[in-house]
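Notes for the structure review
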Amino acid sequence: MPSRTHSVPARTTARNAVVLAALADAVLILTFAAIGRDAHQRGDVITGVFLTAWPFLAGAAIAWLVMRVWRAPLQPWPAGVAVWAGALALGMLLRALTGQTVVLPFVIVALLSLGTFLVGYRLIVAGFRRLAGRRQHR
């Protein structure tokens, strides 16, 4: 009969990965919005960042739900790409529906920035995991 002591730490580790990935996604989307607002010297720093970020946060959250990102939240593919695509596509759609600016230069900047942020940190995590796995097999 398998021991239950091994499943509890595994579930805790998995839950921690989900929480950390969701927080990282939110912080990175907020960072994207803050950098953009700072570059355009707009007032209302805190509320302005949230006003800019909310469509992308909503798009990322919808992607988390639809693509069940919690199953492997730190994988670049499909989780990172799904969150990136959701944040970008649904974020731009929500911006357009709410009368916020959606112009090609902004879409390109968002595409590159959100991709770098949301897939990038997952690639770094995957690289560290790969290195750790190699060290364990020695």
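Structural notes, computed from the coordinates.

So, how was this worked out
Throughout, residues of each chain are indexed from 1 in the direction in which the sequence is written. Local features in this predicted model are restricted to residues whose pLDDT is 70 or higher, and side-chain atom pairs enter the listing and the counts only when it is 80 or higher, whereas totals over whole chains, interfaces and linings include all residues. Here the side-chain values reflect all heavy atoms present in the structure, with hydrogen atoms and water set aside. Nonpolar core, defined: a set of buried Ala, Val, Leu, Ile, Met, Phe, Trp, Tyr and Cys residues in which side-chain atoms within 4.5 Å join the residues together. Exposed residues in this analysis have more than 50% of their type's maximum accessible area, buried residues have under 20%, and partly exposed residues fall in between, with area computed by a 1.4 Å probe over protein chains only. Each helix is a run of H or I in the DSSP string that is no shorter than four residues. Each strand is a run of E no shorter than two, and both are numbered from the N terminus. Contacts were defined at the residue level, with two residues in contact if any of their heavy atoms lie within 4.5 Å. The patches reported here contain residues having more than 30% relative accessible area and no salt bridge. Joining distances are 9 Å for like charges and 5 Å for nonpolar side chains (Val, Leu, Ile, Met, Phe, Trp, Tyr). Under the convention used here, a 1.4 Å probe and the Shrake-Rupley method define accessible areas, while residue burial counts only the protein chains that appear. When a carboxyl oxygen of Asp or Glu lies within 4 Å of a side-chain nitrogen of Lys or Arg, that pair is called a salt bridge. In summary, the charge assignment counts Lys and Arg as positive and Asp and Glu as negative, without counting His or the chain termini. For charged residues, the charge sits on one atom: NZ in Lys, CZ in Arg, CG in Asp, CD in Glu.

**With respect to the nonpolar core**
Formed by 22 residues in total, the largest nonpolar core has its most connected members in Ile29, Phe56, Val83, Ala87, Ala110, Leu114 and Leu118. Only helix H1 (7-39), helix H2 (45-66), helix H3 (76-97) and helix H4 (104-136) provide two or more residues apiece to this core. Here this core takes 6 residues from H1, the largest share from any one element. Ala87 has contacts with Ile29, Phe56, Gly59, Ala60, Met92, Leu114 and Leu118, leaving out every residue within four places of it along the chain.

**Comments concerning unusual backbone geometry**
Residue Pro78 is reached from Trp77 by a cis peptide bond, and omega for that bond is 5°. Topologically, Pro78 is positioned in helix H3. Of note, Arg68 is a non-glycine position whose phi angle comes to about 50°, a positive value. As for its position among the elements, Arg68 is in the loop between H2 and H3. Overall, Arg68 belongs to the partly exposed group, its relative accessible area being 43%.

**Observations concerning a positive patch on the surface**
On the surface, Arg130, Arg134, Arg135 and Arg138 cluster together to form a positively charged patch. Mapping Arg138 onto the fold places it in the segment after H4.

Note that all results are geometric; they support no functional claim without further evidence.
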